[in-house]
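Structural description and commentary
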Amino acid sequence: MISLKKNLVGNDCHSFLAPPPFKKIMPCIAKPQWGALKPLADTELKETFDAIQQAILTYKIGGKFWEKPLARSFHAILSLPEGCELSTAQEALNCLTRTFSQGDILLLTPSLTHKARKLARNLKLSCAGADTLDPHSLTETVTAIIAVTPRTFQLDVCILASLHGISVALWDTQAKPVKTLSAASALSIIYQKTQYFSPFTGQETDCLSVIELLALWKHTLLANRQIGACMGMSLWKRPQMSAFLAKAPGQPNFFLSPSRAIAACKRLGEFKIAIWATRLPTGIKAALEKANLHLVLVEDGFVRSIGLGSALQPPASIFLDTRGVYYDPAEASDLEHILATYHFSPSLLARAHTVLERLRIKGISKYGRATNAAASTPARQSRNQPRLLVPGQVADDLSVLRGGGEIQDNFSLLKAVRAAHPDAYIIYRPHPDVEGGYRKGSLPDQEVLRLANEVSRGGNITELLAQADEVHTLTSLAGFEALIRNIPVTTYGTPFYAGWGLTKDKGAITPRRNRVLSLTELVAGTLLVYPRYLDPVTRLPCPLETVLDRFEQPDVWRQTYWMRLRGLQIRLHKKLFTLCSQLLFFYR
């Protein structure tokens, strides 16, 4: 595992592109670079500058973009350092008052200290501290800035203003204008005079990659700040959910009582409550509607972890769904809405194609990766007897109960597959949660083998998919993982991936699914647009590609205290079951 201790944020690590405080100590993603500028041809430099400027202005990142905006607007800014002489301040102010009234001028100081407030009173100006201010809120109305030796957060405001084309005059402490900060000078500071690092590896990276990551982080924290309370989340999940839903700064509050959760949202002025989808309290939807609050349903993602959720391995991926839940076709979910309406850009599809290839080559599935990557790549040969894989599911799983339709159990599914394919070689794969003793749905082998030719246990599902000609499933995620590997899939229920022209569907398909998708579009919507990802090392929001990197680092997925406790519970339960069976046999 890569150590990131040497790349932590410090006082000498300030840069315009800074990370929001998802946690107390953040990895350093940028630091000043002294010495020779990065060499680039004039045309290449202009193209790079234009791309950086457009990205910053589009995503509104840079400076302390996570802070609150000012309550009122101003037309000019006087930026002064701490301990600035009154005469210097007055002379700079006089330059601004030739064009602006004093009520339209903001005094910007490094922080809002007692001395800063006193200076503001002497100058008869409103005052704000640059260290607690979103600089993007100023650029909408400000047209001129005079900054006396700006540093750190004050300099961030000046850089951002210059990118917007706002006049920024830089003065020295002798009250003499030194120069005007142009957009080109600001971009030189951002690009040529700054070194950038990936927070996930500590390795050097490029400026635009950091901007894309900051855009992801901003999108995440803005969504998190709408959630005022969390419910239905077990104790072992809460540390991970706190990281997923961190507000930069701050973390969500967890509640057992719906009334207290609703009261907390009202108090905080936040209008959403996040609840684990399988643990909805009775009457919660009506209570939220009455309180004018919105429900967000939470579920595990499809590239989750190395290790089972039922074994208490924390997830590296989740869904936050504001419409419904992906496995219930009775109502539209955010995933279904994305697949039905989203415009998939060429760049997103190119990224999805790369992800597809990586999933295939590395044999990555929801709960792990193939130990033998080559064995996970389909190499099916023509046979007289087709090999059909039927993945089992958990008996009380909501995807079965809500999406299974007429078939509600594994044995009925096997009967339907055998009836449709009497001459096929059928492989039945019990669900790993059931095999591990964590969930219901176990079938005796002798019953299964009345309908199937083989029961397959152990190993990664992708290794078994490589041996199958077709997959026949109710609603299992194995069907989606088969599609990724270009294996024909027949569905007997209504899983999220059915009804888009990629599967043979025997279950009832909702008329809402009236769009034909390519496999790349299905993957883009399902794995890139819909989920959230969290790096298990830094515990920071990340793209899918970072989680895929971690799937190749087994030491990342160490057993937690809760996992060891859960393992002990299952072992004791199995021993007790064996003992009871022996006693019953003895007394018969």
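Residues numbered from 1 in each chain as written. Predicted model: local features only at pLDDT ≥ 70, side-chain atom pairs only at ≥ 80, totals over all residues. Heavy atoms only, no water.

**Observations concerning the sheet that holds strand E17 (residues 387-391)**
For the record, the criterion: Here, any two strands with at least 2 DSSP bridges between them count as paired. Put simply, DSSP H or I for four residues or longer makes a helix, DSSP E for two residues or longer makes a strand, and each gets a number counted from the N terminus.
An order of E19-E18-E17-E20-E21-E22 is seen for the six strands of this open sheet, with the pairing classed as parallel. The open sheet terminates on both sides in strands that have one partner only, identified here as strand E19 (454-455) and strand E22 (504-505). When strand E21 (residues 489-491) meets E22, the two strands line up parallel, connected through two bridges. Bridge assignment links Thr491 to a residue of E22, and that residue is Asp505.

**Some remarks on the nonpolar core**
Our working rule: Within this scheme, the nonpolar core is defined by two criteria: the residues are buried Ala, Val, Leu, Ile, Met, Phe, Trp, Tyr or Cys, and they are joined through side-chain atoms within 4.5 Å. Working definition: with a 1.4 Å probe on protein chains only, accessible area under 20% of the residue-type maximum means buried, over 50% means exposed, and in between means partly exposed. Residues count as neighbours in contact if any of their non-hydrogen atoms are within 4.5 Å of one another.
In terms of nonpolar packing, the biggest core is built from 120 residues, with Leu17, Ile56, Ile190 and Ile273 touching the most fellow members. Top element by residues in this core is helix H6 (residues 207-224). It accounts for seven residues. Excluding anything up to four places from it in sequence, Ile190 contacts Phe16, Leu17, Ile52, Ile56, Ile159, Leu163, Tyr196 and Cys207.

**Examining helix H4 (residues 152-163)**
For clarity, the cut-off: Multiply 1.5 Å by the residue count of a helix minus one, and that product is the helix's expected span.
Between its first and last C-alpha, H4 extends 17 Å over 12 residues, near the 16 Å set by a 1.5 Å rise per residue. Burial runs high along H4: nine of the 12 residues are buried. For H4, every residue scored as buried is listed here: Gln154, Asp156, Val157, Cys158, Ile159, Leu160, Ala161, Ser162 and Leu163. Where H4 is buried, its residues contact helix H1 (42-59), strand E2 (76-79), strand E3 (105-109), strand E5 (144-148), strand E6 (167-171) and helix H5 (183-192). Where H4 terminates, the next one or two residues include Gly165, which has phi positive at roughly 85°.

**Looking at the layout of surface pockets**
Where we set the bar: Think of a 1 Å grid over the protein atoms and nothing else: a 1.4 Å probe that fits but is trapped marks a cavity, an open set flanked by protein within 12 Å on at least five of seven lines marks a pocket, and residues with an atom within 4 Å of a point count as lining. Grid points are joined across faces, edges and corners, and a volume is the space filled by probe spheres set on the points. Classes in brief: Ala, Val, Leu, Ile, Met, Phe, Trp, Tyr, Cys and Pro nonpolar; Asp, Glu, Lys and Arg charged; the others, Gly included, polar.
Of the voids in this model, the largest pocket is the one considered here, and its volume is about 1,600 Å³. Considering the residues around the largest pocket, the lining is formed by 50 residues, among which Leu216, His219, Thr220, Arg351 and Leu528 are closest to the centre. With 11 residues, H6 is the single largest residue contributor to the lining of the largest pocket. Across the lining of the largest pocket, the residue classes break down as 27 nonpolar, 13 polar and 10 charged.

**A short note on unusual backbone geometry**
Across the chain, the bulk of peptide bonds are trans and the bulk of non-glycine residues have phi less than zero. A cis amide bond, omega 0°, links Ala248 with the succeeding residue Pro249. One can find Pro249 in the loop between helix H7 (238-244) and strand E11 (254-255). Of note in the backbone geometry, Lys124 takes a positive phi value of approximately 60° without being a glycine. Within the secondary structure, Lys124 is located in the loop between helix H3 (114-123) and strand E4 (126-129).

**Considering the pattern of salt bridges**
Rules: Whenever a carboxyl oxygen of Asp or Glu lies within 4 Å of a side-chain nitrogen of Lys or Arg, that contact is scored as a salt bridge.
Inspection of the entire model under this criterion finds 16 salt bridges. For Glu336, the salt bridge is made with Arg513, and the minimal N-O distance between the two is 2.9 Å. Pair noted here: Glu336 is in helix H10 (residues 334-341) and Arg513 is in the loop between E22 and helix H18 (519-529), with a separation of 177 residues, a long-range link. Each member of the pair, Glu336 as well as Arg513, is classed as buried. Each member of the salt-bridge network shares a partner with another, and the members are Arg358, Lys362, Asp549 and Glu552.

**Thoughts on the confidence of the model for the chain**
A low pLDDT means the predicted coordinates there should not be read in detail. As a reminder, the rule being used: As a per-residue measure, pLDDT tells how confident the predictor is, with possible values from 0 to 100.
When pLDDT is averaged across the chain, the result is 88; 88% of the residues are at 70 or more. Every residue in residues 1-6 is under pLDDT 50, and counting partners more than four places away or in other chains gives 10 contacts.

**So, the packing of aromatic side chains**
Going by this rule: The criterion for an aromatic pair is that two Phe, Tyr or Trp rings (for Trp, the six-membered ring) have centres within 6.5 Å, with stacked assigned to planes under 30 degrees apart, edge-to-face to planes over 60 apart and tilted to the rest.
Within this structure, the stated rule accounts for 15 aromatic pairs. Between the aromatic rings of Phe319 and Tyr530, the centroid separation amounts to 4.3 Å while the plane-to-plane angle is 20°, which identifies the pairing as stacked. Residue Phe319 is found in strand E14 (residues 317-321), and its partner Tyr530 is found in the loop between H18 and strand E23 (532-533); the two are separated by 211 residues along the sequence. Here Phe319 and Tyr530 have matching classes, each one buried.

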